[in-house]
Amino acid sequence: MSKLTRIGLDKTQSEKLAKELNKLLSNYEIFYQSLRGLHWNIKGSQFFELHEKFEELYNDAQEKIDIIAERVLTLGFTPLHTFQDYIENANVEVGKNISEAKTAVTLITESLKTLVILEREILESAQALEDEGTITMLTDFITQQEKTIWMYSSWLGN
Ligand SMILES: [Fe+2]
């Protein structure tokens, strides 16, 4: 039996990487739902600006969710797809009943930080496996999110 997957990567290491990607997927799903909540519940004089910005963010998260899930499939494994699994596998903070602008933006920057830290960890596994596809996906995510963190931190005056 071949020790390589159908795309020619080590099978055991691919399985470990897919598990880590499923953890990332779970965190994104929780983050996505937090963003929907912020988009809905935000109040105050900056409502129009933030309501729209949060929509941009959840649309971006939704795209990334699909990219991660399809990467898991490309590696030859099954993406997690139930809320129960997502809750069990995520450690990103859950936003609930947040309507104040600074609290909302702080939650976003902290959540993105959690995601970026996890992505850097998974990047190490992808590099050890020489899995160029996952490396590219993660480096793209990290670069984009680091910029988003900078912009939202600037908004906060940090
Ligand atoms: Fe909406």
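This write-up is about the structure you can find in this document. (Residues numbered from 1 in each chain as written. Predicted model: local features only at pLDDT ≥ 70, side-chain atom pairs only at ≥ 80, totals over all residues.)

As for helix α5 (residues 132–156)
- Over its 25 residues, α5 extends 36 Å from the first C-alpha to the last, a length consistent with the 36 Å expected when each residue adds 1.5 Å.
- On its buried face, α5 is in contact with α1 (11–41), α2 (47–75) and α4 (101–129).
- G157 occupies a position one or two residues after α5 and carries a positive phi of about 85°. (Helix = DSSP H or I, 4+ residues; strand = E, 2+ residues; numbered from the N terminus. Expected span 1.5 Å × (residues − 1). Contact = placed C-beta atoms within 7 Å.)

Overview of the nonpolar core
- If you look at the biggest cluster of nonpolar residues, it comprises 32 residues, and the most contacted ones within it are L21 and F31.
- Residue assignment for this core shows that the elements contributing at least two residues are α1, α2, α4 and α5.
- The element contributing the most residues to this core is α1, with 10 residues.
- With residues up to four places along the chain from it excluded, the contact list for F31 reads A61, V92, S111 and L115. (Core = buried A, V, L, I, M, F, W, Y, C linked by C-beta atoms within 7 Å. Buried ≥ 20, exposed ≤ 12 C-beta atoms within 10 Å, placed from the backbone.)

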